[in-house]
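One letter stands for each residue in the lines below.
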Amino acid sequence: MTVHIEHRLDLFLEEEVEDIIELGDALVLSEGKIKDDKIDHTIRNSKIAWIHPGPSTWWLFDRAIMVFKSSLPFNSLQSMQYTVYDSKGSHYDWHRDIGSGDEIMKARINVAVLQLSNPGNYKGGVLQIKHQSETIDVMKIKGMVTTFPIQLEHRVTPVTSGVRKTLIMWGLK
């Protein structure tokens, strides 16, 4: 299997990143859950909200199509996850975004992580991706999108101070 990890800075303008943060911050956040809808802060400690397609978010879903255009083939998009790591030690341990629950999760083929926070506003919170025997630390750059196949394990290291915000997108087969 050929693995394609891509980092792009040309997909979202600074104002659009701010619009996404405003949109996400207006949502009701809930605890991020793991398999079988469980809360386990030893594995995942973050707050999330879902951004669904609608009149005020069509532009964002149109942009997500551009995000996945150069990666694996996909047919549709899942609703997006606004994720906030807002307390000391917030993290998400090694995992794959492959779902065994509902049909949407089973259809995921690639993932994209849009960094929303200014890296000067938090410490820790590094997105790491495992590829073979290598662990890749993704540079912390506001507005950067990192895409990779759903099979790759990844994690967010503990945030030691400040707040880290991201938008997670999935391409579906």
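Computed from a predicted model, the values in this text were never measured in an experiment. (Residues numbered from 1 in each chain as written. Predicted model: local features only at pLDDT ≥ 70, side-chain atom pairs only at ≥ 80, totals over all residues. Heavy atoms only, no water.)

**Brief notes about helix α2 (residues 58-68)**
For α2, the set of buried residues is L60, F61, A64, V67 and F68. For α2, the angular spread of buried residues about the axis comes to 100°, placing them on one side. (Buried < 20%, exposed > 50% of the residue type's maximum accessible area, 1.4 Å probe, protein only. Helix = DSSP H or I, 4+ residues; strand = E, 2+ residues; numbered from the N terminus. Arc of directions from axis to C-beta.)

**Side note on the packing of aromatic side chains**
Across all of its chains, the model carries one aromatic pair by this definition. The interplanar angle of 35° and the centroid separation of 5.9 Å between the aromatic rings of W50 and W170 together place this pair among those described as tilted. Here W50, found in strand β4 (residues 47-51), pairs with W170, found in strand β15 (residues 164-172); they are 120 residues apart in sequence, far enough to count as distant. Judged by its relative accessible area of 34%, W50 falls in the partly exposed class. (Phe/Tyr/Trp six-rings, centres within 6.5 Å; stacked < 30°, edge-to-face > 60°.)

**Some words on the pattern of salt bridges**
Scanning all chains against the criterion turns up seven salt bridges. For E16, the salt bridge is made with R63, and the minimal N-O distance between the two is 2.6 Å. Linking E16 in helix α1 (residues 14-25) with R63 in helix α2, this pair joins segments that are 47 residues apart in sequence. Owing to a relative accessible area of 14%, E16 belongs among the buried residues under this scheme. Among the salt bridges present, the one from K142 reaches E18, with a minimum N-O distance of 2.4 Å. (Salt bridge = Lys/Arg side-chain N within 4 Å of Asp/Glu carboxyl O.)

**Topic: the nonpolar core**
If you look at the biggest cluster of nonpolar residues, it comprises 20 residues, and the most contacted ones within it are F12, V67, M80, L114, L116, L167 and M169. Elements that contribute at least two residues to this core include exactly α1, α2, β6 (80-85), β8 (108-115) and β15. Broken down by element, this core gets its largest block of residues, five residues, from α2. If sequence neighbours within four positions are ignored, L114 has contacts with F12, I20, G143, M144, V145, K165, T166, L167 and M169. Of all hydrophobic cores here, the second largest spans 11 residues; its members include V111, M144, I168 and W170. (Core = buried A, V, L, I, M, F, W, Y, C linked by side-chain atoms within 4.5 Å. Contact = heavy atoms within 4.5 Å.)

**Observations concerning the pairing of β8**
Within β8, eight of the eight residues are buried, which leaves the element mostly enclosed by the surrounding structure. Examined bridge by bridge, β8 and β15 share seven bridges and lie antiparallel to one another. Among the inter-strand pairings, Q115 is bridged to a residue of β15, identified as T166. Where β8 and strand β12 (residues 145-149) come together, five bridges link them in antiparallel fashion. (Pairing = 2+ DSSP bridges.)

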